[in-house]
Amino acid sequence: MSETIQDGKFVELTYKVTDKKSGHVLTKVEFPLGYVHGHNEILAPYVHKELEGKTVGNVIEVPIDGNQIYGARDESLVFTDHIENVPEEYRQVGTSILMENDKGQTRSFLVTRMDDETLTVDGNNPLCGREVVFTLEILTVRDATDDETKAGGTIGAQADVDPSLTRPV
């Protein structure tokens, strides 16, 4: 009988996030993500709740309304400026820019559009206003070691690389 996900179990999984409307995969984690259930909430609380009781090999889908997590989209966080006012290193769609307001608060903005004359950044979370589906595949469920419990997840993970193949840089 295989173990089920519950408090104190070490869990490894992969996941992808798909936009429900368009079907596009927004993000995908192909390398196993390891955590200790009930000790390291690396995903949204209701995703953890949906994982409870599941076993190795289970694939679950959890629908998520981005507005419930991140709030409604705020158009006042979208700015367009003339391209010449933007430093070269930020002139690429997908670039993240950390900005600070006059109160010293920081927020990450993402370059979302660019043409020959203008550049647009958006401070909303990319999941705002979207309904997405988390698809999670459970790869490992076992008792966590004391060290993993203290760390909340995988410790000392190293790539399995033959040392004879490495070269100094």
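These remarks concern the structure in this document. Numbers given for residues are sequential positions, taken from 1 along each chain in its written order. Only residues with pLDDT of 70 or above have their local features reported here, since the model is predicted, and side-chain atom pairs are shown and tallied only from 80 upward, although totals for entire chains, interfaces and linings are computed over all residues. Hydrogens and waters are ignored; side-chain quantities use all the structure's heavy atoms.

### Some thoughts on the packing of aromatic side chains
Using the following cut-off: Aromatic pairs are defined between Phe, Tyr and Trp rings, using the six-membered ring for Trp, whenever the two ring centres lie within 6.5 Å; interplanar angles under 30 degrees are classed as stacked, those over 60 as edge-to-face, and all others as tilted. The secondary structure listing takes helices from DSSP runs of H or I that are at least 4 residues long and strands from runs of E that are at least 2 residues long, numbered from the N terminus. Partly exposed residues are those whose accessible area sits between 20% and 50% of the maximum for their type, while under 20% is buried and over 50% is exposed, using a 1.4 Å probe and protein chains only.
Following the criterion strictly, the structure yields two aromatic pairs and no others. Centre to centre, the rings of Tyr15 and Phe134 are 5.5 Å apart; their planes meet at 25°, and the pair counts as stacked. Here Tyr15, found in strand S1 (residues 9-19), pairs with Phe134, found in strand S8 (residues 131-143); they are 119 residues apart in sequence, far enough to count as distant. Take Tyr15: its relative accessible area is 16%, and that puts it in the buried class. Overall, Phe134 belongs to the buried group, its relative accessible area being 13%.

### Notes on the side chain of Thr120
The line we're drawing: Any N or O atom pair separated by 3.5 Å or less is treated as a polar contact, with the protein-specific requirement of one donor-capable and one acceptor-capable atom, and with residues adjacent in sequence counted only for side-chain atom pairs. Two residues qualify as a contact provided that any one of their heavy atoms is within 4.5 Å of a heavy atom in the partner residue.
Structurally, Thr120 can be placed in strand S7 (residues 118-122). The class of Thr120 is buried, set by a relative accessible area of 4%. Of the polar contacts made by the side chain of Thr120, one reaches the side chain of Thr80; its length is 2.8 Å. When sequence neighbours within four positions are dropped, the list of residues in contact with Thr120 reads Val78, Phe79, Thr80, Leu110, Val111, Thr112 and Arg113.

### Regarding the nonpolar core
Cut-off, in case you're wondering: For the purposes of this section, nonpolar cores are sets of buried Ala, Val, Leu, Ile, Met, Phe, Trp, Tyr and Cys residues that join through side-chain atoms within 4.5 Å.
In terms of nonpolar packing, the biggest core is built from 18 residues, with Leu51, Phe134 and Leu136 touching the most fellow members. Among the secondary structure elements, those contributing two or more residues to this core are S1, helix H1 (45-51), strand S3 (59-65) and S8. In terms of residues, this core owes the most to one element, S8, which gives five residues. Excluding anything up to four places from it in sequence, Leu51 contacts Ile5, Leu13, Tyr35, His37, Leu43, Ile60, Leu136 and Ile138. Counting residues in each nonpolar core, the second largest holds eight residues, with Leu77, Ile83, Val86 and Val121 among its members.

### Regarding the pattern of salt bridges
Cut-off, in case you're wondering: What makes a salt bridge here is a side-chain nitrogen of Lys or Arg within 4 Å of a carboxyl oxygen of Asp or Glu, nothing more.
Scanning the model with the defined rule gives eight salt bridges in all. Salt-bridge contacts for Glu131 lead to Lys20; the nearest nitrogen and oxygen are separated by 3.9 Å. Placement of the pair is Glu131 in strand S8 and Lys20 in the loop between S1 and strand S2 (25-36), with a sequence separation of 111 residues. Taking the shortest distance from any N to any O, the salt bridge between Arg91 and Glu88 comes out at 3.0 Å. Exposure remark for Glu88: the relative accessible area of 60% places this residue in the exposed category.

### Details of the environment of Val62
Mapped onto the fold, Val62 is located in strand S3. For Val62, a relative accessible area of 4% translates into the label buried. Considered as a pair, Val62 and Val133 are 71 residues apart in the sequence and their alpha carbons are 5.5 Å apart. In this view, Val62 contacts Tyr46, Val47, Glu50, Val132, Val133, Phe134 and Leu136; residues no more than four positions away in its chain are not counted.

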